[in-house]
Amino acid sequence: GAGVSQTPSNKVTEKGKYVELRCDPISGHTALYWYRQSLGQGPEFLIYFQGTGAADDSGLPNDRFFAVRPEGSVSTLKIQRTERGDSAVYLCASSLEGAVGYTFGSGTRLTVV
Amino acid sequence: AQRVTQPEKLLSVFKGAPVELKCNYSYSGSPELFWYVQYSRQRLQLLLRHISRESIKGFTADLNKGETSFHLKKPFAQEEDSAMYYCALLRTYKYIFGTGTRLKVLA
């Protein structure tokens, strides 16, 4: 696609529910990243995929968070048993391998009520 | 610890006035620093990186290793420069972002 696409753009869920956030990167971009941006903060790294594998998941806050990229393209960030503290904008970005500038998506604003 | 600090949450200047958005970093190695910008209702996008030493939209940023700073400057602000600006440090493939500075350029 022309850019990084994230769906949904907004998601409101109840505490304790499971959510999935989708990211469709730029075609041909092998590197994919997830960041989380809480209110008043800069984006914080969550996970990095190179191809299908998670090369670095050190930013995932706990085991309620999981991400997959089964075919090396679309990625899904999964959050189990959501908590109010998970409310944030979740940003996805992609890049060519070795490139240092990312292309970011518009983000998914997650609100846990 | 590696850290990026942007001390100003909000900076307001009049159109035509000079702009300086401050960024300080903490990093033990040789840093790679960037400025990202987010205009209203748009996605985060790369503005410039220190290695390229370029000027984008009239903005420049010089890496000062002695002061561990990477301030973003523009001699004459324009209304269209109003946006959120993030300074970021690249560690291999992942960024450490500052908390951002909102720039408001007043007519």
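Our structure is the block above this text.
None of the values given here were measured: they were computed from a predicted structure.

Engineer: What is the right way to read the sheet that holds strand β3 (residues 19-24) of chain A from this model?
Structural biologist: Strands in a sheet are paired, the pairing made by backbone hydrogen bonds, and the direction either parallel or antiparallel. Residues and elements named next belong to chain A. The sheet built from four strands is open, its strands ordered β1-β3-β8-β7 with antiparallel pairing. Both edges of this open sheet fall to β1 (5-7) and β7 (65-68), since each of them pairs with a single strand only. Ignoring which end each strand starts from, the neighbouring axes of this sheet average 15 degrees apart. Direction of pairing for β3 relative to strand β8 (residues 75-79): antiparallel, over a ladder of five bridges. Across the sheet, residue Leu21 finds its bridge partner in β8, namely Leu77.

Engineer: Just checking my understanding: could you explain the interface of chain A and chain B for this structure?
Structural biologist: It is common to give the size of an interface as the accessible area that goes away when the parts come together. Opposite the 19 residues of chain A that make contact, chain B presents 16 residues. Roughly 1,500 Å² is buried in total at the junction of chain A and chain B, and carbon and sulfur atoms are behind 54% of that figure. Taken together, chain A and chain B are joined by one salt bridge. The residue Asp56(A) makes a salt bridge to Lys94(B) at a minimum N-O spacing of 3.0 Å. Where chain A packs against chain B, one counts 10 residue pairs in polar contact (both at pLDDT 80 or more). For the side of chain A that touches chain B, the secondary structure elements donating two or more residues are β4 (31-37) and β5 (44-50) of chain A. Per-element tally for the side of chain A that touches chain B: the top contributor is β4(A), with three residues. Broken down by class, the residue content of the side of chain A that touches chain B amounts to nine nonpolar, nine polar and one charged.

Engineer: Got a minute to help me understand the side chain of Asp81(B) in this structure?
Structural biologist: Residue and element names in this part refer to chain B. Note that Asp81 resides in the loop between β8 (72-74) and β9 (83-91). The exposure class assigned to Asp81 is buried, which follows from its relative accessible area of 3%. Contact partners of Asp81, with chain neighbours within four places excluded, come to Phe59, Lys74, Phe76, Leu103 and Val105.

Engineer: I tried to follow the pattern of salt bridges on my own but got confused; where do I start?
Structural biologist: Taken as a whole and assessed by the stated rule, the structure comprises eight salt bridges over all chains. The partner of Arg49(B) in a salt bridge is Glu32(B), with the nearest N and O atoms 3.3 Å apart. Remark: Glu32(B) occurs in the loop between β4 (24-26) and β5 (33-38) and Arg49(B) occurs in strand β6 (residues 45-49); sequence separation between them is 17 residues. On the accessibility criterion, Glu32(B) (23% relative accessible area) is partly exposed. Within this structure, Arg64(A), Glu83(A) and Asp86(A) form a network of salt bridges that share partners.

Engineer: How should I be thinking about the packing of aromatic side chains in this particular structure?
Structural biologist: For any two aromatic rings, the description comes down to two numbers: the centre-to-centre distance and the angle of the planes. Counted under the stated rule, the structure contains 17 aromatic pairs over all chains. On the basis of an interplanar angle of 50 degrees and a centroid distance of 5.6 Å, the ring pair of Phe59(B) and Tyr85(B) is categorised as tilted. Of this pair, Phe59(B) sits in the loop between β6 and β7 (60-61) while Tyr85(B) sits in strand β9; the two residues are 26 residues apart in sequence, bridging distant segments of the chain. Of the two residues examined, Phe59(B) and Tyr85(B), each falls in the buried class. Members of the aromatic cluster, connected to one another through ring pairs, are Tyr33(A), Tyr35(A), Phe45(A), Tyr48(A), Tyr102(A), Phe104(A), Phe34(B), Tyr36(B), Tyr86(B), Tyr93(B), Tyr95(B) and Phe97(B).

Engineer: Explain the sheet that holds β7(B) here, please?
Structural biologist: Residues and elements named next belong to chain B. Taking strand neighbours across the sheet as the criterion, the three strands line up as β3-β8-β7 in an open arrangement whose pairing is antiparallel. Looking at which strands have only one partner, the edges of the open sheet turn out to be β3 (19-21) and β7. In the sheet, β3 pairs with β8 via three bridges, with the strands oriented antiparallel. Along β8, the bridge assignment pairs Glu20 with Lys73.

Engineer: Just to check I follow, could you spell out the state of the cysteines for this structure?
Structural biologist: Disulfide: a covalent bond connecting the sulfur atoms of a pair of cysteines. Residues and elements named next belong to chain A. Going through the model one piece at a time under the given rule, you end up with two disulfides over all chains. Bridging Cys23 to Cys92, the disulfide has an S-S length of 1.8 Å. Handedness of the Cys23-Cys92 disulfide follows from its S-S torsion of about -70 degrees: it is left-handed. Of the two residues, Cys23 sits in strand β3 while Cys92 sits in strand β9 (residues 88-95), which places them 69 residues apart along the sequence. A relative accessible area of 0% places Cys92 in the buried class.

Thresholds, definitions, all that
Residues numbered from 1 in each chain as written. Chains lettered and ligands numbered in written order. Predicted model: local features only at pLDDT ≥ 70, side-chain atom pairs only at ≥ 80, totals over all residues. Heavy atoms only, no water. Pairing = 2+ DSSP bridges. Helix = DSSP H or I, 4+ residues; strand = E, 2+ residues; numbered from the N terminus. Axes fitted to C-alpha atoms, helices over the stretch in contact; angles between N-to-C directions. Contact = heavy atoms within 4.5 Å. Buried area = accessible area lost by both parts, 1.4 Å probe. Salt bridge = Lys/Arg side-chain N within 4 Å of Asp/Glu carboxyl O. Polar contact = N/O pair within 3.5 Å; in protein donor to acceptor, adjacent residues only side chain to side chain. Nonpolar A, V, L, I, M, F, W, Y, C, P; charged D, E, K, R; others polar. Buried < 20%, exposed > 50% of the residue type's maximum accessible area, 1.4 Å probe, protein only. Phe/Tyr/Trp six-rings, centres within 6.5 Å; stacked < 30°, edge-to-face > 60°. Disulfide = S-S within 2.5 Å.

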